[in-house]
Every structure is written in C-alpha cells, then in structure tokens.
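Analysis of the macromolecular model
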Amino acid sequence: MDTLCEAQEDLVAVSFVVNGERHTIEIDPRVTLLDALRNNLHLTGTKKGCDQGQCGACTVLIMGRRINSCLSLAVTHEGDDITTIEGLGTLGSLHPMQAAFVKHDGLQCGYCTPGQICSAVGMLDEIDRNVPSHVSEDLHAIEKTDAEIRERMSGNLCRCAAYPNIVAAIREVMETKP
Amino acid sequence: MKRFTYERVSTPAEAVAAFSRTPGARYLAGGTNLVDLMKLHIELPAHLIDVNRIGLDAIEEFDDGGIRIGAMVRNTDVAGHERVLRDYPVLARALVSGASGQLRNKATVGGNLLQRTRCPYFYSGDLPCNKRNPGSGCAAIDGLSRNLAVIGGSASCIATHPSDMAVALRALDAIVETIQTNGTRRRIPISQLHVLPGQTPHIETSLTPGELITAVTLPPPVDGAQRYLKLRDRASYAFANVSIALVADFDGPALRTIRVAFGGMAPKPWRVEAAEAGNIDSSKAADRIIDAAFEGASPTRDNLFKLPLARKALNVLITEASRQ
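Residues numbered from 1 in each chain as written. Chains lettered and ligands numbered in written order. Predicted model: local features only at pLDDT ≥ 70, side-chain atom pairs only at ≥ 80, totals over all residues. Heavy atoms only, no water.

Accessible area lost upon the coming together of the parts serves often as the stated size of an interface. Tallying the contact residues gives 39 residues for chain B and 45 residues for chain A. The junction of chain B with chain A conceals about 3,400 Å² of combined surface from both sides, 51% of it contributed by carbon and sulfur atoms. A per-residue breakdown of the area chain B buries against chain A is headed by Arg3(B), Arg93(B) and Gln102(B), which together make up 21% of the total. The interface formed by chain B and chain A contains six salt bridges. (Contact = heavy atoms within 4.5 Å. Buried area = accessible area lost by both parts, 1.4 Å probe. Salt bridge = Lys/Arg side-chain N within 4 Å of Asp/Glu carboxyl O.)

Structure below.
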C-alpha cells in the first residue's frame, strides 16, 4: 500500500490531442508514449515490436512528423498533436496510404503495418519539405525513386519481408501525390 | 525503468538552475539514446529535466556567412536547412547517413554530440565495462571489437563515439556553445568537447556537471568540395565501420587545402591537423594523411581491417572530389 501511495505522488499530468481528441491524463513519468497510447487510451493500433527504436512498429506522427513512440516519454508530449494509425483513416474511409497497402498486399502478418503506414506518410512529407536522404544524388533535387523509398523506410522492419509490395504501395501514393 | 522525478523547464537558465538544486539530474532532449539506456538500467537518473521547450530550436545566420544551430534543432531540420545544404553539405550528408528517419526527427544537435557509445559490452549489464561501471574492467579489448577503436583508446576502454554529425562538425571546425550552472557561457572548439578515455572512460566530455549545450556554430563556409563517406555492415541504419568527412580545395590537380575527419575509428571524431599540412600532390595526400593520422594505432585482430579500409576510402574520396 505504501508503495502505491508513494508511486501516485510521482504522477505527472499531461494533456495532448490524439487523432483530434483531447486527453488529459495523470501518468508515471516512466511511461512511454507507446504504452500510454495502448494502455491508457486503448489505441492498440500502434504496435510494440522491439521497444528500443529499431523496428519502427511503434511509429506515430507528432505534428505530422514520424517518431518512434517507444523512445519518447508520454509526459514530454504536453500540448502535442498526435496521429496514430486509427486517426489516419477508418475502414469506411481509408487514408490513401492504407488503401495502397491493401491494393498492393503490402503485408503478410500485419504487425508492422501500422508503423509502416504512419512512417510512409511522414516520409513523403519529408520529401515534400526537401529533406535529402543518404541516397539522394543531388541534395537540392530529390528524385522520387524506389531507392529513396527503401533508404527512407529503413527504420521500419518487416519480418515477413513484404518489402517489394510495401515499396510498390508507397511508390503509388508518392507518384499520385499532387 | 528505475523511478525518477520529472520537471519541464522553459529557458536554458531554468534548466541549469533545476540541475543545481536536484542531485542526480539529467537533461532530457530528444531522448532517443537516454530513454533507451534508462530502459536497460545503464542510465539511472534520479531526476529528468525536460529541455524540449526551452527554445534553442532555430538556425541563425551571421553577417560573416557562418551559422548558429540551436542545440534543440532536430537532426532532420539541420539536414534539410537551405544554408546547410548549400554551404555545409558534408554536414547534411553526415546527418542523413545516421540512424533512421524517425530517430532523426526526434534527435537534437546537443543530444547527438552527447550520445553514448554503442560498444556491445557497454550494453551488456552482466559483463565488465569501465564506462558503465568504473573499475570493473573492459570486456571489449579481448572480446568482439569489430566496431571499436583502432586509435585513441586505452587499456581501460576502446569504445568509439558513434556520431556521424560530430565527424562532419570536426572537419568544419565547429564551436560548441554552452551555459554552466553558474551562468557562465563557454565556447568550446569541437576538438575539445570529447575527451579520450585514459583511465576514466566514464568521463566522455570536457563539460562540467550540469553544463548545457545551447548551440553549435559553424564558421563562414570554406571553398572546396565536401564529401561524407560512411562504410558499414548494412546499407542503411547502421553505425560506421569507417566514415570520413572531407573538405578539399583543389587548384587543378593540386590541393590548396584539405581537412579530413574520421568516424568509427576512435573514442572521438578523429582528425589530426598536422597530417593535413603540406599535402600538395592530391595523388599522395590520402596515404600521407592516413600514415600521419593513424601513427601509433593499436588495432585488435577484429578491427585491423579498418586501417586499410580507411586508406582505400580516402583515396577514392580525394580522387572523386578532385574531379568535381
């Protein structure tokens, strides 16, 4: 009982918007954004893979930018606007990236897919903002190639190795973007 | 994770004041390295001071052409900044050769400089490591040392500094700006930020306790070709076996000036200015620089390959740059 009381003294209030809805929670500062999304907000679309920033299954968008939610403490996200896979689209109204993954069969088991899709959405925005990559030959003119997609998506692993179809799905969205 | 207390601060002055009144505190910026190490119980802060909202998140331009990059600017935003792309491409190239897109969106300039080694023994809690547990010994020296240092290490530690960004900053003669807990501001040449392990490998920088990095400044752009080459065991998202930041100014086939910094070779970005002087003949420069910069190297059987690899890589880089 003592432990419980002591633990509660350390709770920190944090307020953020997830998929358009404001949440204010009191939380142990040790809780990662990943665990807060899954356990406190019950948004289980965001997956826990390695829990150390290597696999990308936990990728979410903070103000439109992709990050690993497993390496970010929830309390640090005060005031942030967070988008998870549940906020990108719904069954009735898929995000173009979700539709492309379905069309191109960009998955097998599907565990990495929410992270792949959130990451791909953030990645295309980085190209729009002229952020170069390791494979960009010209730092000032990024070409929309498969090599760019593969390099920029290297933070998302797929143990089923659905990579060719993941690249095809992302390529389609990249090429049809205005 | 071990329990810790947490507070948010809104200015650099508040951050250092918070450090002064809380023993065992650490600053939390992007957290991509610190949070990972806290999960593994390698970092055990009693208190976290969240510096994510203290400003320092802009890139300023000086009248003389140099720039100041705030310590909280995220790696992605440095790599995509117009002035960096135009005048310091070696820095943009180094940044995008490191980590993953997600990590670069979170990781800050200050945190990148202060990240810890990826030596596998630093991460293995049950094996000796003088960096993690001072005085316990070094399991790496007689262990798996493929990615560890060939020079600058000691009998206590042969860990490498993992940053790519810092290697480019070393070639560009960056200055690290800080504020100490007593309010004093310092300007530290990047060459003096990281320190060699000696008998105290747990001390990795010349920063005083609680000293906060506020910015990195770059001098006005210099003439010449800029290149960053990273050789690693995977095509992407892996630490360097050998990396090289090159800034070379040619007059036809002859060299006017050359600067070379190496990553993956030492406990800090490795550059020996004396090795760069007097290299006029570009066809001989690489061999002369490697010979001088790595004189006295003490590679292990596992990482001996790095020396010829660096030599070959620098030869290729200089040849390529001379054709630009």
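The subject of this paragraph is the sheet that holds strand β11 (residues 254-263) of chain B. Residues and elements named next belong to chain B. Overall, antiparallel pairing links the three strands, which are arranged β9-β10-β11 in an open sheet. Where the open sheet ends on each side, the last strands, each with one partner, are β9 (225-232) and β11. Here the average twist between neighbouring strands, direction ignored, is 15 degrees. Note: strand β10 (residues 240-251) against β11, nine bridges, orientation antiparallel. By the bridge assignment for β11, Ser243 is matched with Gly263. (Pairing = 2+ DSSP bridges. Helix = DSSP H or I, 4+ residues; strand = E, 2+ residues; numbered from the N terminus. Axes fitted to C-alpha atoms, helices over the stretch in contact; angles between N-to-C directions.)

All names here are of chain B. Summed over all chains, the structure comprises three aromatic pairs over all chains. Consider the rings of Phe262 and Phe294, whose centres lie 4.8 Å apart with planes at 75 degrees: the pair is edge-to-face. Here the residue Phe262 occupies a position in strand β11, and Phe294 occupies one in the loop between α11 (282-293) and α12 (306-322), the gap between them amounting to 32 residues. By relative accessible area, Phe262 is classed as buried at 1%. The class of Phe294 is buried, set by a relative accessible area of 6%. (Phe/Tyr/Trp six-rings, centres within 6.5 Å; stacked < 30°, edge-to-face > 60°. Buried < 20%, exposed > 50% of the residue type's maximum accessible area, 1.4 Å probe, protein only.)

Residue and element names in this part refer to chain A. Its domain assignment divides chain A into domain 1 (2-87) and domain 2 (96-176). Relative to domain 2, the C-alpha centre of domain 1 lies at a distance of 24 Å. With 16 residues of domain 1 at the interface, the matching set in domain 2 holds 18 residues. With both chains or domains summed, domain 1 and domain 2 bury close to 1,300 Å², and 53% of this area falls on carbon and sulfur atoms. Remark: the boundary between domain 1 and domain 2 carries one salt bridge. Of the charged contacts in the structure, one is a salt bridge between Glu126 and Arg66, with a shortest N-O distance of 2.8 Å. At the boundary of domain 1 and domain 2, one finds seven residue pairs in polar contact (both at pLDDT 80 or more). Listed by contribution, the elements that provide at least two residues to the side of domain 1 that touches domain 2 are β3 (59-62) and β4 (65-68). It is β3 that contributes the most residues to the side of domain 1 that touches domain 2, three residues altogether. (Domains from an automatic or database assignment. Polar contact = N/O pair within 3.5 Å; in protein donor to acceptor, adjacent residues only side chain to side chain.)

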